[in-house]
Amino acid sequence: MRLIVAVTGASGVQLGYRVLEYLPEDVEPYLILSENARDVVIHENARIYDEDDIAAPMASGSFPSDAMIVAPCSMNTLAKIACGIADNLVTRAAAVMIKERRPLLLAPREMPFSAIALENMLKLSRLGVVVAPPIPGYYGDHETVEEMERFIVGKWFDLLGIENDLYKRWKIEEA
């Protein structure tokens, strides 16, 4: 599986890096960093692209990517994607995912959500984009921030069809 991982904004970028850290070995990551995210530690095992590199492979529908996650997703990036503004590699790759009807997950990081942000999220959801803010599941008995992050990333992986055992699942009884 090829997964495009875009990290936007500065607040919450550790969640984007957790996505990379927890990826199974059979998932090939392609990392896009916004200008603000670039200042944070870079992951070693991903192919890294600058958001200004509009000629990068994932800017084209012919690039065989299986899914894309933007984590965290700034409200600016979310608004651009919702309006079809493809002025950098993150928004262009997201536009490609939407037009090619490939899985796209956005993890908006700010709260509370304004009415404008909620309208943009609704518009994107109606287009098939998964909007999944990093909200912890309180039933998971998280004792550390890392356990909470594992839960959030595990839920995102579930939504993208990436097998994982990052969190304790609800008890499943066998029939």
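Just so you know, these numbers come straight off a predicted model, no measurement behind them.

A.B. asks: Sorry, what's going on with the overall build of the protein here?
C.D. replies: If you tally the helices and strands in the protein, you get five helices and six strands. Secondary structure elements in the protein, listed N-terminal to C-terminal, are β-α-β-β-β-α-α-β-α-β-α. Against the globule reference of 16 Å for 175 residues, the protein gives a C-alpha radius of gyration of 16 Å, in line with a compact fold. Projecting the C-alpha coordinates of the protein onto the three principal axes gives extents of approximately 50 × 40 × 35 Å. Taking all 175 residues of the protein together, 47% fall into the buried category.

A.B. asks: Please explain the environment of aspartate 26 as it appears in this structure.
C.D. replies: Within the fold, aspartate 26 resides in the loop between α1 (13-22) and β2 (28-33). Put simply, aspartate 26 and leucine 78 are 52 residues apart on the chain and 29 Å apart in space, counted from C-alpha to C-alpha.

A.B. asks: Mind showing me how you'd approach the nonpolar core here?
C.D. replies: The nonpolar side chains of a soluble globular protein tend to be buried, and buried together. Within the largest apolar cluster, 30 residues are counted, with the highest numbers of intra-cluster contacts made by Leu3, Val5, Leu31, Ile69, Trp156 and Phe157. Put simply, the parts of the chain that give this core at least two residues each are β1 (2-7), α1, β2, β4 (67-73), β5 (104-108) and α5 (145-160). Sequence-distant contacts of leucine 31, defined by excluding residues within four places in its chain, comprise Val5, Val7, Tyr17, Leu20, Ala46, Arg47, Ile48 and Tyr49. Ranked by size, the runner-up nonpolar core spans 27 residues in total, among them Ala6, Ala56, Val70 and Met97.

A.B. asks: Looking at this structure, how should I read the packing of aromatic side chains?
C.D. replies: Enumeration over the complete set of coordinates arrives at three aromatic pairs. Grouping aromatic residues by their ring pairs yields a cluster made of Tyr30, Tyr49 and Phe63. Its guanidinium or amino end placed over the ring of tyrosine 22, arginine 150 lies 5.1 Å from that ring's centre, counting from NZ or CZ.

A.B. asks: When you look at the packing of helix α2 (residues 75-83) against helix α4 (residues 115-126) in this model, what are you seeing that I'm missing?
C.D. replies: Two packed helices can be described by the angle between their axes and the distance between those axes. At a minimum axis separation of 9 Å, α2 and α4 run at an interaxial angle of 45 degrees. With respect to their mutual orientation, α2 and α4 come out oblique. Along this stretch, α2 crosses α4, giving a crossing that reads as left-handed. Contact residues: Met75, Leu78, Ala79, Ile81, Ala82 and Cys83 in α2; Ala117, Asn120, Met121, Lys123 and Leu124 in α4. The residue inventory of the contact of α2 with α4, partitioned by class, reads nine nonpolar, one polar and one charged.

A.B. asks: Any chance you could explain α2 here in plain terms?
C.D. replies: Note that an α-helix has 3.6 residues per turn; residues three or four places apart therefore point the same way. When α2 is considered as a whole, its buried residues turn out to be Met75, Thr77, Leu78, Lys80, Ile81 and Ala82. On its buried face, α2 sits against β4, α3 (89-99), β5 and α4. Of the residues flanking the end of α2, it is glycine 84, one or two places downstream, whose phi is positive at about 75 degrees.

A.B. asks: Would you mind showing me how to read the sheet that holds strand β6 (residues 130-131) here?
C.D. replies: Pairing between the strands of a sheet comes from backbone hydrogen bonds, and it takes one of two forms, parallel or antiparallel. Pairing within the open sheet is parallel, and its six strands lie in the order β3-β2-β1-β4-β5-β6. In this open sheet, the two strands that pair with only one neighbour each are β3 (47-50) and β6. Bridge analysis of β5 against β6 gives two bridges, and the strand direction is parallel. Within β6, the position partnered with leucine 106 by the bridge is valine 131.

A.B. asks: What am I meant to see in the environment of arginine 47 here?
C.D. replies: Mapped onto the elements of the fold, arginine 47 is located in strand β3. Distance in space between the C-alpha atoms of arginine 47 and proline 29 is 6.7 Å, their sequence separation being 18 residues. Every residue in contact with arginine 47, bar those within four places of it in the chain, is listed here: Glu28, Pro29, Tyr30 and Leu31. Within the local environment of arginine 47, its side chain forms a polar contact with the side chain of glutamate 28, the two groups lying 2.9 Å apart.

A.B. asks: Sorry, what's going on with the environment of alanine 93 here?
C.D. replies: The topology assignment puts alanine 93 in helix α3. Measuring from C-alpha to C-alpha, the distance between alanine 93 and alanine 56 comes to 9.3 Å, with 37 residues separating the pair along the chain. Non-local contacts of alanine 93, meaning those with residues more than four positions away in its chain, are made with Ile32, Met58 and Met68.

Rules of the game
- Residues numbered from 1 in each chain as written.
- Predicted model: local features only at pLDDT ≥ 70, side-chain atom pairs only at ≥ 80, totals over all residues.
- Heavy atoms only, no water.
- Helix = DSSP H or I, 4+ residues; strand = E, 2+ residues; numbered from the N terminus.
- Rg over C-alpha atoms; globule rule 2.2 N^0.38 Å.
- Buried < 20%, exposed > 50% of the residue type's maximum accessible area, 1.4 Å probe, protein only.
- Core = buried A, V, L, I, M, F, W, Y, C linked by side-chain atoms within 4.5 Å.
- Contact = heavy atoms within 4.5 Å.
- Phe/Tyr/Trp six-rings, centres within 6.5 Å; stacked < 30°, edge-to-face > 60°.
- Lys NZ or Arg CZ within 6 Å of the ring centre and 35° of its normal.
- Axes fitted to C-alpha atoms, helices over the stretch in contact; angles between N-to-C directions.
- Parallel < 35°, antiparallel > 145°, perpendicular 65-115°, else oblique.
- Left-handed = near helix turned anticlockwise from the far one by under 90°.
- Nonpolar A, V, L, I, M, F, W, Y, C, P; charged D, E, K, R; others polar.
- Pairing = 2+ DSSP bridges.
- Polar contact = N/O pair within 3.5 Å; in protein donor to acceptor, adjacent residues only side chain to side chain.

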